[in-house]
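# Summary of the model geometry
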Amino acid sequence: AYDPTRGTVDKSRIVTVEFLATKNAQIPWQFYPLTVKIQLHPGEIKRVSFYAENSTDHKMVVQAIPSVTPAIAARYVQKTECFCFTQQQLNGHEHRDMPIVFHLDPDLPHDVNTVTLSYTLFDVTPLKGGKHA
């Protein structure tokens, strides 16, 4: 298996990684990538952030669900840190930069030149009584 700590980077290739943010229609938040597109060599570790702001007057909890296109690339995206790993709680009008640290495995198929990482926010704020909104 590929070990990024050994620093194996495929300098012969450049892959474009695009970042998209969407939110469930009921979420009154601002949510977008601070970096829309980067170019990197497979194996190169990158850190990018998404901006999230709770535009309401009350505390909310959200969960980001990731997706990768093309689907074949999903197994080659290795995240070591991601706001999608845990639920995110923001108080009313609080904002936060939420990071992702990742690399593309150098075994990414050579015909994949662009990878898109998309994150969709869902409201998982507990209601009184323990059920979700």
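In short, a report on the structure.

### Quick notes on the state of the cysteines
Applying the stated rule across the entire model yields 1 disulfide. With its sulfur 2.4 Å from that of its partner, cysteine 82 forms a disulfide with cysteine 84. Judged by the torsion about the S-S bond (130°), the cysteine 82/cysteine 84 disulfide is right-handed.

### With respect to the packing of aromatic side chains
Counted by the stated rule, this structure contains 8 aromatic pairs. Plain terms: the ring middles of phenylalanine 31 and phenylalanine 83 are 6.1 Å apart, the flat faces sit at 85° to each other, and that makes the pair edge-to-face. Of this pair, phenylalanine 31 sits in strand 2 (residues 29–33) while phenylalanine 83 sits in the loop between strand 6 (77–82) and strand 7 (88–90), and the two are 52 residues apart along the sequence. Residue phenylalanine 31 shares its accessibility class with phenylalanine 83, and that shared class is buried.

### Notes on the environment of threonine 69
Relative to the helices and strands, threonine 69 resides in strand 5 (residues 60–69). Counting along the chain gives 47 residues from threonine 69 to threonine 116, while the straight-line C-alpha distance between them is 5.2 Å. When neighbours within four sequence positions are excluded, threonine 69 is seen to be in contact with Thr114, Val115 and Thr116.

### Let's talk about the sheet that holds strand 3 (residues 37–40)
Taking strand neighbours across the sheet as the criterion, the 5 strands line up as 3-1-9-5-7 in an open arrangement whose pairing is mixed. At either margin of the open sheet sits one strand with a lone partner, and together these are strand 3 and strand 7. Here the strands of the sheet are splayed against their neighbours by 30° on average, with no regard to which way each runs. Pairing between strand 1 (residues 15–23) and strand 3: 4 bridges, direction antiparallel. Note on strand 3: the bridge partner recorded for valine 15 is leucine 40.

### Here we look at the pattern of salt bridges
Overall, the coordinates contain 3 salt bridges when judged by the stated rule. Put simply, lysine 37 and glutamate 18 hold a salt bridge, and the shortest N to O gap is 3.9 Å. Pair noted here: lysine 37 is in strand 3 and glutamate 18 is in strand 1, with a separation of 19 residues, a long-range link. Glutamate 44 is paired through a salt bridge with lysine 46; the nearest N and O atoms lie 3.4 Å apart. With a relative accessible area of 23%, glutamate 44 lands in the partly exposed category.

Cut-offs used in this document
Chains are numbered independently. Their residues run from 1 in the order of the written sequence. At least 70 in pLDDT is required for a residue's local features to be given in this predicted model, at least 80 for side-chain atom pairs to be given and counted, and no such filter applies to totals for whole chains, interfaces and linings, which use all residues. Excluded from the side-chain calculation are hydrogens and water; included are all heavy atoms of the structure. Cysteine sulfur pairs qualify as disulfides if the two atoms are within 2.5 Å. For this analysis, a ring pair means two rings from Phe, Tyr or Trp (six-membered ring only for Trp) whose centres lie within 6.5 Å, classed as stacked if their planes differ by under 30 degrees, edge-to-face if by over 60, and tilted for the remaining angles. Helix and strand definitions follow DSSP, with helices as H or I runs of at least four residues and strands as E runs of at least two, each counted in order from the N terminus. Whether a residue is buried, partly exposed or exposed follows from its accessible area with a 1.4 Å probe, protein chains only, as a fraction of its type maximum: under 20%, in between, or over 50%, in that order. Note on contacts: a residue pair qualifies if any of its non-hydrogen atoms lie within 4.5 Å across the two residues. Two strands pair under a simple rule: DSSP has to find at least two bridges between them. Interaxial angle, 0 to 180 degrees, is taken between N-to-C directions of lines fitted to C-alpha atoms, where a helix line uses only the stretch in contact. By definition here, a salt bridge exists when the distance from a side-chain nitrogen of Lys or Arg to a carboxyl oxygen of Asp or Glu is within 4 Å.

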